[in-house]
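Examination of the molecular architecture
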Amino acid sequence: MRKMEFKMERPGLLEAGQKITVTEGVLPSNYYYIIDPALAMSANIPFRYRLMSREGVVTQVVENARGFYVTAEFDEPEKESSTS
């Protein structure tokens, strides 16, 4: 299972166990992913670590001093040295 972290701006939009779908965005040298419908956004992901799955499950939602962070698992192998 591949884990990926997303930044969520407001509390209560997602919870552990919830099924999600993501949309892929493309930048000149990276991809980024948005949990539909625009609930949370990933960091920029290098091309070599592209996420192939578009559906996943939220495993945890954490609040820290910088905001709310969502961890989701996708049914594909973990990429070595990928950005979580």
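Structure: above.
Report follows, based on the coordinates. Computed from a predicted structure; not experimentally measured.

A separate point is the overall build of the protein chain. For the protein chain, the count of helices and strands is 0 helices and 7 strands. Mapped from its N terminus to its C terminus, the protein chain presents α and β elements in the order β-β-β-β-β-β-β. Principal axes of the C-alpha set define a box for the protein chain whose edges measure 30 × 25 × 25 Å. In the protein chain, 58% of the contacts between residues at least 6 apart in sequence involve partners at least 24 apart. Carbon and sulfur atoms provide 50% of the accessible area of the protein chain, an area that totals close to 5100 Å². In the protein chain, the 10 positive side-chain charges and the 12 negative ones have mean positions that sit 4 Å from each other.

Attention now goes to the packing of aromatic side chains. Counted according to the given criterion, the structure contains 3 aromatic pairs. On the numbers, 6.4 Å between centres and 55° between planes, the contact of Phe-6 with Phe-74 is tilted. Of this pair, Phe-6 sits in strand β1 (residues 2–8) while Phe-74 sits in strand β7 (residues 67–74); the two residues are 68 residues apart in sequence, bridging distant segments of the chain. The exposure class of Phe-6 is buried, given its relative accessible area of 1%. By relative accessible area, which is 0% here, Phe-74 ends up buried. An aromatic cluster of three or more residues is present, and its members are Tyr-31, Tyr-33 and Phe-47. Positioned above the aromatic ring of Tyr-69 is the side chain of Lys-7, whose terminal nitrogen or guanidinium carbon lies 5.6 Å from the ring centre.

By the element assignment, Pro-11 lies in the loop between β1 and β2 (19–26). The class of Pro-11 is exposed, set by a relative accessible area of 55%. Residues Pro-11 and Leu-39, spaced 28 residues apart in sequence, show a C-alpha to C-alpha distance of 10 Å.

In terms of nonpolar packing, the biggest core is built from 19 residues, with Phe-6, Ile-20, Val-22, Tyr-33, Ile-35 and Phe-74 touching the most fellow members. Elements with a contribution of two residues or more to this core: β1, β2, β3 (30–35) and β7. Counting residues per element, this core draws most heavily on β7, which supplies 4 residues. Non-local contacts of Phe-74, meaning those with residues more than four positions away in its chain, are made with Met-1, Arg-2, Met-4, Phe-6, Ile-20, Val-22, Leu-51, Ser-53, Glu-55 and Gly-56.

Right, let's talk about the environment of Gly-17 for a bit. Relative to the assigned elements, Gly-17 resides in the loop between β1 and β2. A sequence separation of 40 residues divides Gly-17 from Val-57, and the C-alpha atoms of the two residues are 5.9 Å apart. Setting aside residues no more than four positions away along its own chain, Gly-17 makes contact with Val-57 and Val-58.

Here is what the cut-offs are and how they apply
For every chain, the first residue of the written sequence is number 1, and numbering continues from 1 along that sequence. Only residues with pLDDT of at least 70 are given local features in this predicted model, and only at 80 or more are side-chain atom pairs given and counted; all residues enter the totals for whole chains, interfaces and linings. Just so you know, side-chain values use all the structure's heavy atoms and leave hydrogens and water out. Each helix corresponds to a stretch of at least 4 residues labelled H or I by DSSP, and each strand to a stretch of at least 2 residues labelled E; elements are numbered beginning at the N terminus. In this analysis, two residues are considered to be in contact whenever any of their non-hydrogen atoms come within 4.5 Å of each other. Exposure was quantified through the Shrake-Rupley algorithm and a 1.4 Å probe, taking into account, for residues, occlusion by the shown protein chains and nothing else. Working convention for charge: Lys and Arg count positive, Asp and Glu count negative, and His plus the chain ends are omitted. For this purpose, a charge sits on NZ of Lys, CZ of Arg, CG of Asp or CD of Glu. Stacked, tilted and edge-to-face are the three classes assigned to paired rings of Phe, Tyr and Trp, where Trp is represented by its six-membered ring and a pair needs centres within 6.5 Å; plane angles under 30 degrees give stacked, over 60 edge-to-face, the rest tilted. Burial here depends on accessible area, computed with a 1.4 Å probe over protein chains only, as a share of the maximum for the residue type. Under 20% is buried, over 50% is exposed, and the range in between is partly exposed. Charge-over-ring contacts are defined here by two conditions on Lys NZ or Arg CZ: a distance within 6 Å of the ring centre and an angle within 35 degrees of the ring normal. Nonpolar core, defined: a set of buried Ala, Val, Leu, Ile, Met, Phe, Trp, Tyr and Cys residues in which side-chain atoms within 4.5 Å join the residues together.

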